[in-house]
Amino acid sequence: MAHRLLVRRIWTLSVKDLRCLPASTSFSTSLRSSTAPLFFLSPKRTLSRSLPHTSRREVSFNVQDHEDFTERVINSELPMLIDFHAQWCGPCKILGPRLEKAVAKQKGKVAMAKVDIDDHTDLAIEYGVSAVPTVIAMRGGDVIDQFVGIKDDEALDSFVRKLIGQ
């Protein structure tokens, strides 16, 4: 899905850039040279210039740096789940989608930040992460609860409901 969106954006940008060329511009290749007009540049045939925008709120986001963590997690008005993970961690790859699913069920009542411990070692040390996956529940900048390892879907739903106070 992400690949398709990327290809669409590249295609849209490429076509938009080509539309800026004069209609009499011709392209030549090593195989043949042509002076034929580029029919796809005519105003009669236009392609969509933008992708459809959705108004849904993102379920999760990747933390970029310590400042981003402070701004989007610590200062968040929503309760937050912080998933400390690593690219090389097998259990992390299993838990991540399950957590996103549990957060999505709450329909915007909670958000999730993903922190790669290899990229943000300082945050992992600050929050006492000694093993991955570690999930920390935070509300108003305060740690409410945490767990280490994998949990089943029912336990994750319960953990998220506890965070939002249900």
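Above this text you will find the structure in question.
Residue numbering note: each chain is counted from 1, following its sequence as written. Only residues with pLDDT of at least 70 are given local features in this predicted model, and only at 80 or more are side-chain atom pairs given and counted; all residues enter the totals for whole chains, interfaces and linings. Heavy atoms from the whole structure form the basis of all side-chain values; hydrogens and water molecules are not counted.

Colleague: Quick one: what's the story with the nonpolar core, residue by residue and with numbers?
Modeller: Here, the term nonpolar core denotes a set of buried Ala, Val, Leu, Ile, Met, Phe, Trp, Tyr and Cys residues that are joined through side-chain atoms within 4.5 Å. Relative accessibility decides the category of a residue: with a 1.4 Å probe and only protein chains considered, values under 20% of the type maximum give buried, values over 50% give exposed, and everything between is partly exposed. If you look at the biggest cluster of nonpolar residues, it comprises 22 residues, and the most contacted ones within it are F69, V73, I82, F84 and Y127. Working definition: helices are DSSP H or I runs of at least four residues, strands are E runs of at least two. Numbering for both runs from the N terminus. Mapped by element, the contributors of at least two residues to this core are helix 2 (66-74), strand 2 (80-85), strand 3 (111-116), helix 4 (121-126) and strand 4 (134-139). Each residue touching V73, except ones within four places of it in the same chain, is listed here: F61, D68, M80, I82, A113 and M138. Counting 15 residues, the second-largest nonpolar core is a separate cluster that includes L95, V110, V135 and I164. Contacts are residue-level and defined by heavy atoms, with any inter-residue pair within 4.5 Å sufficient.

Colleague: Describe the environment of C89, with residues and values.
Modeller: Examined against the element boundaries, C89 turns out to sit in the loop between strand 2 and helix 3 (90-104). Spatially, the C-alpha atoms of C89 and V132 are 7.3 Å apart, while their sequence positions differ by 43 residues. When near neighbours in sequence (up to four residues on either side) are disregarded, C89 contacts V132 and P133.

Colleague: Tell me about the sheet that holds strand 3, and name the residues and values.
Modeller: Within a sheet, neighbouring strands are paired by backbone hydrogen bonds and run either parallel or antiparallel to one another. At least two bridges found by DSSP between two strands is the condition for calling them paired. Read from one edge of the open sheet, 5 strands run 1-3-2-4-5, paired in mixed fashion. Every other strand in the sheet has two partners, leaving strand 1 (60-62) and strand 5 (142-148) as the edge strands with one partner each. Here the strands of the sheet are splayed against their neighbours by 20° on average, with no regard to which way each runs. Looking at chain direction, strand 2 and strand 4 are connected through 5 bridges and run antiparallel. Paired with M80 across the two strands is M138, which belongs to strand 4. In this analysis an axis means a line fitted to C-alpha atoms, helices contributing only their contacting stretch, and an angle means the value between N-to-C directions, from 0 to 180 degrees.

Colleague: Lay out the layout of surface pockets in plain terms, naming residues and giving numbers.
Modeller: By volume, the second largest pocket is sized at about 200 Å³. Lining the second largest pocket are N62, D83, H85, A86, Q87, C92, K93, G96, P97, E100 and K114. Breaking the lining of the second largest pocket down by element, the ones donating at least two residues are strand 2 and helix 3. The element best represented in the lining of the second largest pocket is helix 3, accounting for 5 residues. Think of a 1 Å grid over the protein atoms and nothing else: a 1.4 Å probe that fits but is trapped marks a cavity, an open set flanked by protein within 12 Å on at least five of seven lines marks a pocket, and residues with an atom within 4 Å of a point count as lining. Grid points are joined across faces, edges and corners, and a volume is the space filled by probe spheres set on the points.

Colleague: Could you give an account of the packing of helix 3 against helix 5 (residues 153-164), naming the residues involved and the relevant values?
Modeller: Two quantities define a packed helix pair, namely the angle between the axes and the distance from one axis to the other. Across the interface, helix 3 lies against helix 5 with an axial gap of 9 Å and an inter-helix angle of 50°. The orientation of helix 3 with respect to helix 5, classified from their angle, is oblique. Regarding helix 3 and helix 5, the two cross each other, and that crossing is right-handed. Mapping the contact onto sequence places L95, R98, L99, K101 and A102 in helix 3 and D153, L156, D157 and V160 in helix 5. Under the grouping applied here, Gly and all other residues not named as nonpolar or charged are polar, the nonpolar ones being Ala, Val, Leu, Ile, Met, Phe, Trp, Tyr, Cys and Pro and the charged ones Asp, Glu, Lys and Arg. Across the contact of helix 3 with helix 5, the residue classes tally to 5 nonpolar, no polar and 4 charged. With respect to orientation, any angle under 35 degrees is reported as roughly parallel, any angle over 145 as roughly antiparallel, any angle of 65 to 115 as roughly perpendicular, and every other angle as oblique. A clockwise turn of the near helix away from the far one marks a right-handed crossing, whereas an anticlockwise turn of less than a right angle marks a left-handed crossing.

Colleague: An account of unusual backbone geometry is requested, with residue identities and associated values reported.
Modeller: Each neighbour pair has its own omega, and for V132 with P133 the value is 0°, a cis peptide bond. Mapped onto the fold, P133 is located in the loop between helix 4 and strand 4. Although it is not a glycine, K107 sits at a positive phi angle of roughly 50°. Structurally, the position occupied by K107 is in the loop between helix 3 and strand 3.

Colleague: Break down the environment of H66 for me, with residues and values.
Modeller: Relative to the elements of secondary structure, H66 occurs in helix 2. A residue is classified by how much of its surface remains accessible, and H66, at 34% relative accessible area, is partly exposed. H66 sits 56 residues away from D122 along the chain, and the two C-alpha atoms are 8.2 Å apart. H66 has contacts with D122, L123 and E126, leaving out every residue within four places of it along the chain.

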